[in-house]
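A structural walkthrough
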Amino acid sequence: MAYFPFFIDIKNKKCIIYGGGKVAYRKIEALLDFEADITVIAPVVSEEIAALEGRIHINIGEYGEKELEDAFFVIAATNNSAINEMIAKNCRDRKILVNVVDELSKCDFLFPAYIKKGSISIGVTTSGQSPVMAGHIRKTISDNLPDTYEALVETLGGYREYVKNNVSSESERADIMKELARLGLNNNGKLNGLDVQNVISKYMK
Ligand SMILES: C[C@@]1(CC(=O)O)C2=NC(=C\c3[nH]c(c(CCC(=O)O)c3CC(=O)O)Cc3[nH]c(c(CC(=O)O)c3CCC(=O)O)/C=C3\N/C(=C\2)[C@@H](CCC(=O)O)[C@]3(C)CC(=O)O)/[C@H]1CCC(=O)O
Ligand SMILES: NC(=O)c1ccc[n+]([C@@H]2O[C@H](COP(=O)([O-])OP(=O)(O)OC[C@H]3O[C@@H](n4cnc5c(N)ncnc54)[C@H](O)[C@@H]3O)[C@@H](O)[C@H]2O)c1
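The rules behind each value
Residues numbered from 1 in each chain as written. Chains lettered and ligands numbered in written order. Predicted model: local features only at pLDDT ≥ 70, side-chain atom pairs only at ≥ 80, totals over all residues. Heavy atoms only, no water. UniProt positions renumbered as here; feature names shortened; annotations may be inferred. Helix = DSSP H or I, 4+ residues; strand = E, 2+ residues; numbered from the N terminus. Contact = heavy atoms within 4.5 Å. Patch = residues over 30% accessible without salt bridge, like charges linked within 9 Å, V, L, I, M, F, W, Y side chains within 5 Å. Areas by Shrake-Rupley, 256 points an atom, 1.4 Å probe, with all protein chains shown as cover. Salt bridge = Lys/Arg side-chain N within 4 Å of Asp/Glu carboxyl O. Lys, Arg positive; Asp, Glu negative; His and termini not counted. Charge placed at Lys NZ, Arg CZ, Asp CG, Glu CD. Buried < 20%, exposed > 50% of the residue type's maximum accessible area, 1.4 Å probe, protein only. Near = heavy atom within 4 Å. Polar contact = N/O pair within 3.5 Å; in protein donor to acceptor, adjacent residues only side chain to side chain.

Looking at an unreviewed UniProt entry, one finds the protein chain named precorrin-2 dehydrogenase and attributed to Anaerocolumna xylanovorans DSM 12503. Annotation of the protein chain in UniProt includes, under Pathway (unreviewed entry), the sentence "Porphyrin-containing compound metabolism; siroheme biosynthesis; sirohydrochlorin from precorrin-2: step 1/1."

As for its placement among the helices and strands, threonine 39 is situated in strand 2 (residues 37-42). Leave out the neighbours within four places in its chain, and threonine 39 touches Lys14, Cys15, Ile16, Ile17, His57 and Asn59.

Another aspect to go through is a negative patch on the surface. Together, Glu29, Asp33, Glu47 and Glu48 give the surface a local cluster of negative charge. At the level of elements, helix 1 (22-33) and helix 2 (47-50) are the ones that each hand at least two residues to the negative patch. Within the secondary structure, glutamate 29 is located in helix 1. Glutamate 29 gets classed as partly exposed once you look at its relative accessible area, which sits at 42%.

The next subject is the site of ligand 2. Taken together, 19 residues sit near ligand 2, with Gly20, Val23, Arg26, Val44 and Val101 positioned nearest. One of the side-chain N or O atoms of arginine 26 is found 2.6 Å from an oxygen atom in ligand 2. Between ligand 2 and valine 101 there is a distance of 3.0 Å, counted from a nitrogen atom to a backbone nitrogen or oxygen. Elements represented by at least two residues in the shell around ligand 2 include exactly helix 1 and strand 2. The element best represented in the shell around ligand 2 is helix 1, accounting for four residues.

Here it is as structure tokens:
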């Protein structure tokens, strides 16, 4: 069964990671890319994780339930499967989303192999069947993603509010945005103001 790719705003959202080893570090790197508020709880953390002090909170200690209370989501990344299972159960009882790094069936959500370029976020999952293939697919997409898309997305994003406020028909707004995207795609990701005005004014009543 395939998993649905929700895209979630995790900026400043509280995330608790139990475990401070290699896998926890990989998860932290990804979450920092998206500016989550991260607390790591483990009796021992790796040097790489210790070096992140200041960007993340580090609590030296074992798993305890009380820190869970105000978490937005939790990652059970210890090397003790019984503890990871207990974390999953305690999260589920509290309806907190949990990712369990050693047991697919206990995960409410999965980490994707991802590409982030400005506002473009691409996530690949194999629904737990082959993380190696998820990484391979990520690389294949990344190698084929034109560098110009990132800037074009930002430019088009900058015109959307203006188009929304000045063109009353929803279908015309869609036509304008499609035409602007096509212009940008045919011009190395760049849109000049005059071309934009010409397209928009065709539709403005
Ligand atoms: C995508 C990526 C993101 C990330 O980690 O952030 C990710 N795993 C990655 C790499 C990787 N993980 C593993 C290997 C060794 C090869 C192998 O085991 O196949 C490699 C390859 C390597 O090390 O190079 C081992 C492994 N992984 C899981 C288990 C437990 C289990 O299967 O139950 C075991 C231990 C198995 C054992 O005991 O032997 C479980 C999960 N790993 C997931 C994500 C989720 C499903 C994603 C999906 O398939 O869609 C899921 C379900 C939960 C989760 O972690 O969220 C990242 C690639 C990033 C990139 O390349 O960009
Ligand atoms: N999901 C994935 O992508 C993936 C990939 C490879 C391995 N794994 C699995 O992830 C697990 C962790 O692997 P690792 O390489 O990070 O292990 P590791 O040995 O490097 O780190 C384990 C960490 O868990 C901590 N820990 C142990 N008991 C704890 C407790 N009661 N409370 C809090 N923290 C505790 C340890 O102090 C240590 O920081 C393994 O079970 C492995 O099978 C998952």
